[in-house]
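Below are the chains, spelled out letter by letter.
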Amino acid sequence: MKDNRIINAFAELKSAGKKTLLPFFTAGYPDVETTGGILHDIEKRGVKICELGIPFSDPIADGPTIQASYSAALDAGVTLQKLFDMVRSYRAEGGQLGLLMMVSYSIVFRYGAEKFCIAAADAGVDGLIVPDLPMGEAEAFAPLAEASGLCNVMLIAPTTPEDRKVEIAKQSTGFVYYISVSGITGERTKLPPETVAAVAELKTHTDTPVCVGFGISNPETVVEVCKAADGAIVGSAFIHRINDAVAANAPREEIVANVGQLVSELIAPLA
Amino acid sequence: MSNEISDKGYFGIFGGQFVPETLMSALQQLDREFTAAWNDPEFHAEFERCLREIAGRPSELYFCKRLTEECGGAKIYLKREDMNHTGAHKINNTLGQALLTKRMGKTRVIAETGAGQHGVATATAAAVFGLECEVFMGTEDIRRQALNVFRMKLLGAKVVPVESGQRTLKDATNEAMRNWMSTSENTHYILGSVCGPHPFPLMVREFQTCIGIEARQQMLDVAGKLPNVVVACVGGGSNAAGIFAPMIDDKDVQMVGVEAGGRSMNLGDHAAPLTVGSHGVLHGSLSYVLQDGDGQTAEVHSVSAGLDYPGVGPEHAMWKETNRVRYTSCSDEEAMDALIKLSRTEGIIPALESSHAVSEALKIAPTLPKDQIVLINLSGRGDKDCNEIQEILARRK
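A short tour of the structure in this document, coming up. (Residues numbered from 1 in each chain as written. Chains lettered and ligands numbered in written order. Predicted model: local features only at pLDDT ≥ 70, side-chain atom pairs only at ≥ 80, totals over all residues. Heavy atoms only, no water.)

1. What to know about the overall build of chain A
Tallying secondary structure elements over chain A gives 12 helices and eight strands in all. In terms of C-alpha radius of gyration, chain A reaches 17 Å, essentially the compact-globule figure of 18 Å for 271 residues. Over its C-alpha atoms, taken along the principal directions, chain A stretches across nearly 50 × 40 × 35 Å. Taking all 271 residues of chain A together, the buried fraction comes to 59%. Pairs at least 24 apart in sequence give 72% of the contacts found in chain A among residues at least 6 apart. When the accessible surface of chain A is split by element, carbon and sulfur atoms take 52% of a total near 10,200 Å². Mean positive and mean negative side-chain charge positions of chain A (22 and 33 charges, respectively) differ by 4 Å. (Helix = DSSP H or I, 4+ residues; strand = E, 2+ residues; numbered from the N terminus. Rg over C-alpha atoms; globule rule 2.2 N^0.38 Å. Buried < 20%, exposed > 50% of the residue type's maximum accessible area, 1.4 Å probe, protein only. Contact = heavy atoms within 4.5 Å. Areas by Shrake-Rupley, 256 points an atom, 1.4 Å probe, with all protein chains shown as cover. Lys, Arg positive; Asp, Glu negative; His and termini not counted. Charge placed at Lys NZ, Arg CZ, Asp CG, Glu CD.)

Below, the structure written as structure tokens:
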């Protein structure tokens, strides 16, 4: 895959000997304009790759924080078309982040898998994470993503057997998403102690970058996972930051700034 | 055989394992363990003992003399799953899965429940086998089914209220799956219907086929022939799969699955994915679902909490597309009318869920000659619904 922003970003990071922060935001929460504003802001703060969670009515891998933000976005009228349009505008305004959509296969299937990949790529998306399309079901989908120039990022869990981990890493493109804990998304103060060793072990089997997500919320855990991983994925902590600002009736600029401040704090140790 | 399943867990194009990677090892373990158990005569002997001694099987086949006379057509028979211990067919499946839990060396079970029947059946099986038990239940269903909530607690289970979404069965299922992701090492998820990722649709069907195996033999013993039509209600579809599957190769037996038509056939007013839904993925399998154009799960409604679900088991989707089973729906009102009719002609108060099957049978029977037979799977009894029924009847006045 040539000229994919995610692959290019990891190549640059690797040659600079650096690790990165991958923030996750619920697309369209609290509204589409705020998400667009956040993308531009975090890009200036040194973020290279960002995940956009596509709101879904039944996200079984997500904890209460992300689930509530999905419901709020849907209640406010967010649709897939509005989110594709937001990405298109971001690109038109010169945005260069590597953008991933984390999207349930329920949504992809309904849209039509091939059509979805084409539409996402056309809007300016660089990769997809389909968390409910595990190895065994993803085989027909991966070529469709590739044909549209999209990375198909696959997940590995602590419960995944060793040989399956290696096979998933082989099939995953862009990077491998290593889930740090068996369970749902959400902030935790500490990582399981075996995570770093498990990621280091996985990296002996693959050249594909490995990023760690679920339960990372502070600079210490970011540094900890990046001892072995190529990137740290943080989600719920940002949603909490947005929730607080929304609850205080903060204007859009302030929400963007609050989120940006947390991004800066988390990315600082990786600079 | 027409109810064969592919190695990857597909019924035709339906089924699969659309779940987070975190659940894959638990599903693979379950698949291995279930296959081994189902091929083990000792497991079968133990399961059959449980069905006999705990569930009270075999359940009776009952001829509805007065109802048949009133309808003036085909003979109407009931497969009395309402006579089982805990009041519905659900106990068949929970005993099987609880036995499997013990075999896997797990000590805790979780379950989702809508009407509370599956929750009660799970709590019962957990008590029998000394397993820790948590049941996830939407707060709307907790309100509608207070008696079953109390029964579960009395049986030693913890009832976990679910506040997300529409606060019904779908949301309880989400929470159970979430819980299982972090607990699968010591916990088995006793899914209550032929839904969810492989191997659940296959396994739950197998544990429920005792209904159809018995009914088939009972019909031959009593009437000397198989029924012309078998009718069952379909929410997730476990009682229907249980009675249909053993007769699926009896080509002359027509089968009808009855979904919840609710208030109207407008999206949001019913729970009839096979009747008016489309192909989609929900709770780990590809089947028929009710969703909007963006793939967001639609709101559903049914007077019966047990049918109030936007999805359906993948094997039913296959049976629909191969035209082996005809799927239709009946409204809240029609189900209530059927409930009253069966109560007054036969002295049997059916569950609101099962009343949907009764309603359809009452439509079919008068159109058939008197020497034909309509068999209804009376999947549960109506005791749990009495509060709800009282409220509805009060509103009708």
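2. Points about the overall build of chain B
Helix and strand counts for chain B come out as 15 helices and 14 strands. Expected size for 397 residues packed as a compact globule is a radius of gyration near 21 Å; at 19 Å, chain B falls within 12% of this value. Of all 397 residues assigned to chain B, the portion counted as buried reaches 67%. With the model as given, the accessible surface of chain B reaches about 13,400 Å², and the carbon-plus-sulfur share is 50%. Taking the average place of the 40 positive charges on the side chains of chain B and the average place of its 50 negative ones, the gap between the two points comes to 4 Å.

3. A closer look at the side chain of Thr26 of chain A
Inspection of the secondary structure assignment puts Thr26 of chain A in strand S1 (residues 20-26). Classification of Thr26 of chain A by relative accessible area gives buried; the value is 1%.

4. Some remarks on the pattern of salt bridges
The full count for this structure, using the stated rule, is 41 salt bridges over all chains. We note a salt bridge from Lys165 of chain A to Glu162 of chain A, for which the minimum N-O separation is 3.3 Å. Residue Lys165 of chain A and its partner Glu162 of chain A are located together in helix H8 (residues 162-171), separated by three residues, close to a single helical turn. Taking relative accessible area as the criterion, Lys165 of chain A reaches 5% and is therefore assigned buried. We note a salt bridge from Arg108 of chain B to Glu132 of chain B, for which the minimum N-O separation is 3.8 Å. Of this pair, Arg108 of chain B sits in strand S5 (residues 108-113) while Glu132 of chain B sits in strand S6 (residues 132-138), and the two are 24 residues apart along the sequence. (Salt bridge = Lys/Arg side-chain N within 4 Å of Asp/Glu carboxyl O.)

5. Let's talk about the sheet that holds strand S10 (residues 254-262) of chain B
Residue and element names in this part refer to chain B. In space, the six strands of this open sheet follow the order S3-S4-S14-S9-S10-S13, with mixed pairing throughout. Each of the sheet's edge strands pairs with one partner strand only, and the pair in question is strand S3 (61-63) and strand S13 (326-331). The average angle at which neighbouring strand axes cross in this sheet is 30°, direction not considered. Note: strand S9 (residues 229-233) against S10, five bridges, orientation parallel. (Pairing = 2+ DSSP bridges. Axes fitted to C-alpha atoms, helices over the stretch in contact; angles between N-to-C directions.)

6. A short note on unusual backbone geometry
In this structure, Pro30 of chain A follows Tyr29 of chain A across a cis peptide bond, with omega equal to -5°. As for its placement among the helices and strands, Pro30 of chain A is situated in the loop between S1 and helix H2 (32-44). Cis geometry marks the peptide bond from His198 of chain B to Pro199 of chain B, where omega comes out at 10°. Topologically, Pro199 of chain B is positioned in the loop between strand S8 (187-189) and helix H9 (200-223). The phi torsion at Phe214 of chain A lies on the positive side, around 80°, for a residue other than glycine.

7. A word on the interface of chain B and chain A
Listed by partner, the interface residues are 33 residues for chain B and 36 residues for chain A. For the pairing of chain B and chain A, the buried interface totals around 2,800 Å² over both sides, and the portion due to carbon and sulfur atoms is 50%. Lys170 of chain B is paired through a salt bridge with Asp58 of chain A; the nearest N and O atoms lie 3.0 Å apart. Taken together, the links from chain B to chain A amount to 20 residue pairs in polar contact (both at pLDDT 80 or more). (Buried area = accessible area lost by both parts, 1.4 Å probe. Polar contact = N/O pair within 3.5 Å; in protein donor to acceptor, adjacent residues only side chain to side chain.)

8. A short note on the packing of aromatic side chains
Summed over the entire model, instances satisfying the criterion amount to 22 aromatic pairs over all chains. Measuring from ring centre to ring centre gives 5.6 Å for Phe34 of chain B and Trp38 of chain B, while their planes differ by 25°; the resulting arrangement is stacked. Here Phe34 of chain B and its partner Trp38 of chain B are both found in helix H1 (residues 21-38), four residues apart, which amounts to about one turn of the helix. Both residues of the pair, Phe34 of chain B and Trp38 of chain B, count as buried. Counting every residue linked through ring pairs, the aromatic cluster contains Phe34, Trp38, Phe43, Phe47 and Phe207 of chain B. One Lys or Arg, Lys115 of chain A, reaches over the ring of Tyr111 of chain A and ends 4.7 Å from the middle of that ring. Sitting over the face of the ring of Tyr62 of chain B, Arg80 of chain B holds its NZ or CZ atom 5.7 Å from the ring centroid. (Phe/Tyr/Trp six-rings, centres within 6.5 Å; stacked < 30°, edge-to-face > 60°. Lys NZ or Arg CZ within 6 Å of the ring centre and 35° of its normal.)

9. So, the side chain of Arg57 of chain B
Residue and element names in this part refer to chain B. Among the secondary structure elements, Arg57 is positioned in the loop between helix H2 (41-55) and S3. At 2.8 Å, the side chain of Arg57 and the side chain of Glu214 are in polar contact. Leave out the neighbours within four places in its chain, and Arg57 touches Leu51, Arg52, Lys79, Glu81, Asn84, Asn92, Cys210, Ile211 and Glu214.

10. Examining the nonpolar core
In terms of nonpolar packing, the biggest core is built from 198 residues, with Phe116, Leu128, Phe175 and Tyr177 of chain A together with Phe244 of chain B touching the most fellow members. A total of nine residues in this core trace back to one element, the largest contributor, which is H9 of chain B. A domain split of this core shows at least three residues from each of domain 1 (18-51 + 89-204) and domain 2 (58-87 + 209-396) of chain B. Ignoring any residue separated from it by four or fewer positions in sequence, one finds Phe244 of chain B in contact with Val230, Ala232, Met255, Val256, Gly257, His316, Trp319 and Val325 of chain B. Cys71, Cys233, Val258 and Ala271 of chain B belong to the second-largest nonpolar core, a separate cluster that totals 32 residues. (Core = buried A, V, L, I, M, F, W, Y, C linked by side-chain atoms within 4.5 Å. Domains from an automatic or database assignment.)

11. Points about the sheet that holds S8 of chain B
All names here are of chain B. With parallel pairing, four strands are arranged side by side in an open sheet as S7-S6-S5-S8. Each edge of the sheet is formed by a strand with only one pairing partner; in this case those strands are strand S7 (158-162) and S8. Each neighbouring strand pair of the sheet contributes to a mean axis angle of 25°, computed without reference to strand direction. Sheet topology places S5 next to S8; three bridges connect them, and they run parallel. Within the sheet, the bridge partner assigned to Val109 lies in S8 and is His188. Across the face of the sheet, helix H8 (residues 169-183) comes into contact with S5, S6, S7 and S8 while running at roughly 160° to S5.

None of the figures reported here should be taken as evidence of function without further support.
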